[in-house]
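Survey of secondary and tertiary structure
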Amino acid sequence: MSEGLPPVLEEGGDRTVAGVRDGLGAASGAGGTGGLDRRRFIRWLLGFSIVSSLAMIVTPIIGFLIPSRTATAGVGGRVLAGTLESLPVGSGAVVAVGAKPAVVVNTSGGVKAYSAICTHLGCIVAWDAALTMIVCPCHDGRFSPATGAVVSGPPPAPLPPLTAVVEGSDIYIVTG
Amino acid sequence: MTTDVGRSEAPGGAVGWVETRLHLGPFLNALLHVPIPRNAKTFYLGGITLFLFGIQVVTGTLLALYYSPTPDAAYESVLSITSDVSFGWLIRSVHHWAANLMILFLALHVLRIFVQAAYKYPRELTWLVGGGLLLITIGFGFTGYLLPWDQRAYWATVVGTEIAGGVPVIGPALLLLLRGGAEVSEATLGRFFGIHVLVLPLLLAGLLGLHLLFVHQQGLANPKYPEPRPGRPAPARPPERLKPFFPDYILDEVIAWYAVLAALVILASLFPAGLEPKADPLVTPEHIKPEWYFLAVYQLLKVVPETVGVVAPVALVLVIVVLPLFDRGEEVLPRRRPIAIACAVLLLVALAVLTFYGAQV
Ligand code: HEM
Ligand code: FES
């Protein structure tokens, strides 16, 4: 560009925004009869296109970010929770069933299993051998080993029961 | 309309609120209102590559929220992204396709620069930084391929790192460094993941900033006339005809991006990213192939000794990177640069033939 001739900046010409703008200016003067002249119509169309394009991009992203309810439930099936030897009558234990804890108790009325997530504020309950009760360490909520019902303390509801099966001397918890 | 962006006379509303505090107007003006040669033809290839990188950042960040980089969990996490997470298949497949298209458009971008001789004075550094961008983009492909931890991922990486191990002198050390141990293992997966999601994106973003800064400083090359050089008589030519970068060029660019986005969604829907059986270090599957852009090297290694097959591509890349240092003629029109164009055609034919045979089973 150093040869002395001044560079020429050309606006408009072929398909450019400037070209569109000029065309619109001319058209809206002639045809602005209804409430919606061409310029406003195109502007509205542009806004609509931008908004719908953004919605189209953002929708899958938001959907992706929302965790799926099935993903954490784990697969159905049987989990070995212990044996009659490791869990004699009058004892209990907390075991993992998939990603969630369960409490298994060998009561005089048979082997029982419950969700170990306290119905009060979500702490994990434990078997208290001295009290012969399922006890929550957080606010001393107590549950009956025979039924899962609340015996005392703040929990509003019984522990949800799970299915415990004894095969030979193996204790399984069945889910799914 | 939108041409008011960056105008410095006190605009109202939120824009004005920010403007009175930060005075960004003149800065945005300098950024946007640059004239470009009317006959510059970029075919929007660099911009499309940039757009695809943006797509990779967004989809990659999303994938990283669900992906676990350990041999025990990687495969299952990819499986669950594809089948459990809503739109997971879409995000993963778009990431897959945008990676491939990024390589493709990058190659076309380099080809455009070459044919128009835009690498010549004063744009040597833009080309050099571009060389870095090219290597990083290939690095993305190489490290990302392992992450699903399926049979193809695993064995392609075993072979790929083995090839790197064939580099003379530093080969064995390089192999160990890449794998993080003697075998492709948990350590390799951790490394590749870290490089893929942290190291390379930061490097690419940094170099890209430089690249675009250089382009902005120099303006686009005029493919018809050589750039006047200091201390030499300027060749006779008509006055430079210019057009505004904003909004004229940008509008066309955004239209191109929109078309590419549509193509991505269509490709992802019709040909979603697949998953082979989980990686098994004890069973090599038949016919393991690398991605299409590595097929030429893969085929070369079948027909020449390992050292040659490894050194030749490295040497080629080096020659391409330093091209502006020895190709210093002023001519820009392809028909006045017969040797350069002939070399390029020869190289393209060789790559095409190797890729074709590499793709055969
Ligand atoms: C991630 C990779 C890359 C991105 C995102 C990118 C982006 C861009 C963009 C947006 C431009 C403006 C003009 C256009 O759109 O074509 C440009 C120009 C340029 N690029 Fe790249 N580029 C990349 C890689 C490369 C590579 C690998 C090379 C060469 C080895 C290269 C060399 C150049 C040169 C010399 C220019 C100036 C062209 C001119 O003035 O006409 N770039 N790049
Ligand atoms: S959380 Fe269990 S008693 Fe409060």
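Right above here is the structure, for reference.
So, here is what we can say about the structure in this document. (Residues numbered from 1 in each chain as written. Chains lettered and ligands numbered in written order. Predicted model: local features only at pLDDT ≥ 70, side-chain atom pairs only at ≥ 80, totals over all residues. Heavy atoms only, no water.)

1. Quick notes on the site of ligand 1
Residues and elements named next belong to chain B. Taken together, the neighbourhood of ligand 1 is formed by 27 residues, with His109, Arg112, Arg123, Gly130 and His211 sitting nearest. For ligand 1, an oxygen atom lies 3.5 Å from a polar atom in the backbone of Gly46. At a separation of 2.8 Å, a nitrogen atom of ligand 1 approaches a polar side-chain atom of His211. Put simply, the parts of the chain that give the shell around ligand 1 at least two residues each are helix H3 (45-66), helix H5 (88-115), helix H6 (124-146) and helix H9 (186-218). Sorting elements by how many residues they give to the shell around ligand 1 places H6 first, with 7 residues. For the shell around ligand 1, the residue count by class is 14 nonpolar, 11 polar and 2 charged. (Near = heavy atom within 4 Å. Polar contact = N/O pair within 3.5 Å; in protein donor to acceptor, adjacent residues only side chain to side chain. Helix = DSSP H or I, 4+ residues; strand = E, 2+ residues; numbered from the N terminus. Nonpolar A, V, L, I, M, F, W, Y, C, P; charged D, E, K, R; others polar.)

2. Digging into the coordination of the iron atom of ligand 1
Ideal donor angles around a metal are set by the shape: a four-donor tetrahedron calls for 109.5 degrees, a six-donor octahedron for 90 or 180 degrees. Residue and element names in this part refer to chain B. The coordination sphere of the iron atom of ligand 1, as far as protein atoms go, consists of His109 (NE2) and His211 (NE2), spread over 2.0 to 2.1 Å. Bound by 6 donor atoms, the iron atom of ligand 1 shows angles of 87 to 179° at the metal and therefore octahedral coordination geometry. Remark: His211 occurs in helix H9 and His109 occurs in helix H5; sequence separation between them is 102 residues. Just as His109 is buried, His211 falls in that class too. (Donors = N, O, S within 2.8 Å, 3.2 Å for Na, K, Ca; no water. Tetrahedral: all angles 85-135°; square planar, octahedral: opposite > 155°, others 65-115°. Buried < 20%, exposed > 50% of the residue type's maximum accessible area, 1.4 Å probe, protein only.)

3. Topic: helix H2 (residues 38-65) of chain A
Its 28 residues give H2(A) an end-to-end C-alpha distance of 40 Å, which sits within 8% of 40 Å, the value for a rise of 1.5 Å per residue. Among the residues of H2(A), A:Ser53, A:Pro60, A:Gly63 and A:Phe64 are the ones counted as buried. Where H2(A) is buried, its residues touch H3, helix H4 (74-83), H5 and helix H10 (245-270) of chain B. (Expected span 1.5 Å × (residues − 1). Contact = heavy atoms within 4.5 Å.)

4. Brief notes about empty space enclosed by the protein
One simple way to see leftover space: roll a probe sized like a water molecule over the atoms. Residue and element names in this part refer to chain B. Scanning the entire structure with this criterion turns up 1 cavity of 30 Å³ or more. Estimates place the volume of the largest cavity at around 100 Å³. Along the wall of the largest cavity there are 14 residues; nearest its centre are Ala117, Tyr121, Arg123, Glu227 and Val332. For the lining of the largest cavity, a count of residues per class yields 7 nonpolar, 2 polar and 5 charged. (1 Å grid on protein atoms, 1.4 Å probe; cavity = no way out; pocket = protein on both sides within 12 Å on 5 of 7 lines; lining within 4 Å. Points joined across faces, edges and corners; volume = space filled by probe spheres on them.)

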